Structures are given as C-alpha cells and as structure tokens.
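Residues per chain, in single letters:
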Amino acid sequence: MKFISTRGGECVSGARAIVQGIAKDGGLFVPEQFPQVTREELEQMLPQSYAERASFVLSKYLDEYDAEELTRACEQAYSRFEGEDPAPLVKIDAGLYMLELFHGPTCAFKDMALTLLPYLLRKGCDLCGIKETVLILVATSGDTGKAALEGFKDAAGVKIMVFYPDEGVSKMQKLQMATQEGKNVRVVAVRGNFDECQTAVKKIFTSDACKEELLKKGVVLSSANSINFGRLAPQIAYYFSAYLDLVSSGQIDMGAEVNFAVPTGNFGNILAAYYAKRMGLPVGKLICASNKNNVLTDFIRTGVYDKRREFYKTMSPSMDILISSNLERLLFELSGRNALRVQMRMEKLAADGVYELYDEEKEQVRELLWADFCGEDETVETIYEFFEEYQYPMDTHTACAMYAAGNYIAQHEKDAAPMVVVSTASPYKFPQDVMYAITGNDIKDSFKAIKHLNIATAMKVPASLAKLREKPVRFTQVADKDGLYPLALGFAEEK
Ligand SMILES: *Cc1c(COP(=O)(O)O)cnc(C)c1O
C-alpha cells in the first residue's frame, strides 16, 4: 500500500512514511485508500490474542513488512505490559465499558504504539536501505516522551531526544522522563507551552538546511510523535480488539454498532477509531472529549477551528493542546481528499489562527462525532462520583471522556449502542489529583499520594511507578524554544 501526503506533494511506501514521519510538504501521510476488514475476517479474529489481532490490522496497511515477523514483534511489544491482556475491556454497567490502555511500561495509552514503533522504524529503515543513524525528535505534552524513551532506549542505530514544556507536565511525568535510563537518550525542558514546543520541533523537521547538515554527520531525522503513521496504525488495532471482545463475551452481536468516547488532545487516538470505522468496523458515534482547552469541542459543534484563545494548564495535561495535529488527516477525508484545500486551511491556521469548514463538511462532522468538554471542577466530581458508584478509580484524562460520555447518553436516549470509554492513563500517574478527587485529601508528595491512593482504592500500583522513587535524576537542562536545533545537532554529533 502507498501513502500520500495530506498536502498533495508526495507518494511513498509505508516503510518510508514511518521512517520519514512527516511529508516533505509539511503534510501528514495517509493511506492511498482504506483497506477493508470483512465480516469473515472479523470472525476469524475472534479467538486471536491481542498481538495477533494487532498484527492483522497492521499488515493491512504495511504489506511490505513480513507478516510473521510483524506478529512476533507485536507479541514482544505487548509482552512488556502488566497482566494477561494489554488492552482489557472492563464492564462497568449495562452498556458501559472501559477500555484500559494503561498497562504498558509507562502507564499511559501511548505505550500501545510506542512499544511497537521501534520495530516498525528499524524494519522500515532496512526496507528503505537507510544506513544512517536515526535521530528521533519528540515534542511531548507529557506521556509520549516517556513512552518513546522507554520504547527506544538502547535501540541499535537510533538516538532519541525528547522536548517537553517545562511548566506543562505533571510532577510524575517530569520525574519519569528525567530519570530515563539508556545510552542513546536525551531529555530537555523547553520554556513555553506544548504548542510552542511542538512548533519548534516541527520547524527542524521541515528545514532542508537542518536535514542537510545532519545528513553530513551521518544522521537522518525521524519522529515518534502521533503524526507518524507508525503511531497511528497500532492504535487502530485496539478498537478492533475491544469490539471483538464485546462480541466474544456475548455483550453484542457481530455487526452491531458501538460508540467510543475518547479523551482527546492531538486527535491521534480518536482518529484511529475513525480509521477503524473506515476499515469496516461497526463504529457508531465517536465522542470527542476535551478538557478546559475546548478548541475541538467548538470545532465539532460549529465547524470553525479557532485557536485564538487562552491556553489553560489543567490536571489533564496530555490534553492541554490548542493545535491538534492529527485533525489534518480528518480534514483531508472531510474535503473529499482535496489536498489543496487542506493546505490552504493549514496555511490559514498558521497565519490567522482560524479556518472554517464548508457546510457539507460540517454535516459530515456532526454525523461522525459528538463533542463535549470537561472543566476542572467537573473532572474532580466525575472521578469522585464514579468511584462512589462503581469503586473504579479513573485518571483525570479518562474522567473527561466519562463526563462527555455521560452527557451524550443523557441527551441521546434513542441511541442504545453500547458505550466504550477509552481509559488512557493509570490513576497512579496523576496520584495527587485522583487522591484529592476521591478523598478530598490534598497530598503534596507524589509518592505519598500513590501510597494513600492504594489504601483508598485497593487498586494495584504499577511496578514502573513504584520503582521511580529510587531512580537518580539524569536530565535537568532547560532551553529556549528557539535554541532546540543546536542541541539536536550537538546530540547527533556525540559518539
Ligand atoms: C496523549 C494522551 C491523550 C490525548 O491523546 P491524543 O491522541 O493526543 O488525542 C489523552 N490522555 C492521555 C493520558 C494521554 O497521554
């Protein structure tokens, strides 16, 4: 299968799309068409393990990757998760389910893709005949950085450098990154917010001068951000798997529609659900949940994307985003794959901070998506009420999705489709906020909060977070957003 740029300038193999990360014209790579999964194939996937299902979905897009090798790579990646099933579907109530995607090495859903990306990238380099060292640059709002570092640490022929907004991530997230082990890793805090951090990194990726200079040093750039198709593809798999779990446990009949509620920031996770739908999975409504940074809620309700608004720091930092990069892929589909229109809108967004959909596109958006946002108080209340009712502790991001799902259900009595809420982080990753929500106790120290949360909820503490306390801090550098390239170059030159 070939991949094309959303801005029209390129057509490459899947391996090349993954290695390169972003198209030369600044667009995102999308499959030339959506591969279809038939009803028969869905039936065949029913008895399969998660890794086998994932490998099957991936091979639909990445046909130049050896299928058996891909299955082994999936098995290896998902063997790093705690528990039997890397993506368990938990029944909460009649018609209400939680898809837990936080059992990986860093306790957030980013692990679903980033434990597999190193294989996809390394193999991609082989398939493309690339001999240079690969330098991965990551801009993170918190969870991607750590998951990428864990995925790529000590990988042969790869270096990874992570930039995060100095004041924009939680204490736990910062500590997870600052204590990262591995010889080929570097972590830098950037003065500014996530959007500024992401824009600065994107600038390096789209600069021919930077890339030429790096190539002279024997280094090529790649991205582990969610704009990379190698991030998106493994995420499509868990929507299939959740659906199949509903069928195999007798909760639904094969073919019945299921709604998904997704806590959304960069629009990568929910886009994967859309891709699953386009591949033939019976997906009903997609509930797009935002926090107080509700640019997507407004976009879905009105068709106007307007980033000219205040940026809030919230207790769900991985959703503190005003420019949702992966939305570009949806725009491409909404426009009937009109690359010129996508390009004009992205230029308008960069220049004016706003663009508006055409009427028939707005119609499609409303058909496909429903949106809501969850403020800070509502986040706390949702965690509290949900724990009271079900004794199920949720993290702050998942709470936003649960809040939106609850409002959707209340306002759409006619829609009887089961609701799967996508749970994107362990409550232990945001222990102070969750502890405060559940008990009202405001505990300043993260590790004390973990301990008390464990007592209050009896939920098992993930091993990786329990160990964090003993680890030495390795990275303390803080940089200005205009000074990232020299740092990347210096790191590239290190032996
Ligand atoms: C990254 C992240 C999100 C947002 O996902 P997107 O794919 O960026 O929309 C939500 N919750 C958590 C915990 C995350 O780490």
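Structure shown above.
Peer 1: Please explain the packing of aromatic side chains as it appears in this structure.
Peer 2: One pass over the full model with this rule turns up 16 aromatic pairs. When the ring of tyrosine 305 is compared with that of tyrosine 355, the centres are 5.6 Å apart and the planes differ by 5°; the resulting orientation is stacked. On the criterion of sequence distance, the pair formed by tyrosine 305 in strand β12 (residues 304–306) and tyrosine 355 in strand β13 (residues 354–356) is long-range, its members being 50 residues apart. Here tyrosine 305 and tyrosine 355 have matching classes, each one buried. Here the aromatic rings of phenylalanine 386 and tyrosine 392 are separated by 6.2 Å at their centres, their planes lie at 85°, and the arrangement is edge-to-face. Here the two residues phenylalanine 386 and tyrosine 392 agree in accessibility, since each one is buried. An aromatic cluster is built from Phe3, Tyr61 and Phe229, whose rings are joined through pairwise contacts.

Peer 1: Sorry if this is basic, but what is going on with the pairing of strand β15 (residues 419–423) here?
Peer 2: On a regular strand, one side chain projects to one face of the sheet and the next to the other, so that they alternate. Across the five residues that make up β15, a large majority, five, are buried. Taking every second residue as pointing to the same face, both faces of β15 are buried, with Met419, Val421 and Ser423 on one and Val420 and Val422 on the other. Here strand β5 (residues 96–100) runs beside β15; their pairing, made up of five bridges, is parallel. If you follow glutamate 100 over to β15, its bridge partner there is serine 423. Across three bridges, strand β10 (residues 258–263) lies against β15 in parallel orientation. Bridge pairing in β15 links phenylalanine 260 to valine 420.

Peer 1: I keep staring at the nonpolar core and nothing clicks. Help me out?
Peer 2: The tendency in soluble globular proteins is for nonpolar side chains to be buried side by side. Counting residues in each nonpolar core, the largest one holds 117 residues, and the members touching the most others are Tyr61, Tyr239, Phe240, Phe260, Tyr275 and Leu369. The element best represented in this core is helix α11 (residues 229–248), accounting for 13 residues. With sequence-adjacent residues up to four places away left out, leucine 369 is seen in contact with Phe267, Ile270, Lys285, Leu286, Cys288, Ile300 and Leu330. The next biggest cluster of nonpolar side chains, apart from the first, holds 37 residues, and it includes Tyr428, Val434, Ile443 and Leu465.

Peer 1: What should I look at first to understand the pairing of strand β8 (residues 185–191) in this one?
Peer 2: For β8, the tally of buried residues reaches five of seven residues, placing the bulk of the element in the interior. Judged from the six bridges that link them, strand β7 (residues 158–165) and β8 form a sheet pairing that is parallel. Looking at the pairing, proline 165 lines up with valine 190 of β8. Taken together, β7, helix α8 (residues 171–178) and β8 constitute a β-α-β crossover, and its handedness is right-handed. The sheet contact formed by β8 and strand β16 (residues 478–480) spans three bridges and is parallel. Looking across to β16, one finds that valine 190 is bridged to alanine 479.

Parameters at a glance
Per chain, the residues get numbers from 1 upward, laid out in the order the sequence is written. Where local features are concerned, this predicted model is filtered to residues with pLDDT of at least 70; where side-chain atom pairs are given and counted, the filter is 80 or more; whole-chain, interface and lining totals use all residues. As a rule here, side-chain values come from all non-hydrogen atoms in the structure, and water together with hydrogens is ignored. Working definition: rings of Phe, Tyr and Trp (its six-membered ring) pair if their centres are within 6.5 Å, and the pair is stacked with planes under 30 degrees apart, edge-to-face with planes over 60 apart, and tilted otherwise. Helical segments are the DSSP runs of H or I of at least four residues, strand segments are the runs of E of at least two, and each set is numbered from the N terminus. Buried means the residue's accessible area, taken with a 1.4 Å probe over protein chains only, is under 20% of the maximum for its type, while exposed means over 50%, and partly exposed covers the values in between. When DSSP locates at least two bridges between a pair of strands, those strands are taken to pair. Nine residue types can take part in a nonpolar core, namely buried Ala, Val, Leu, Ile, Met, Phe, Trp, Tyr and Cys, and a core is a set of them joined through side-chain atoms within 4.5 Å. In this description, contact between two residues means that some pair of their heavy atoms is separated by no more than 4.5 Å. With the strands pointing away from the viewer, any crossover whose connection runs clockwise from the first strand over the helix to the second is right-handed.

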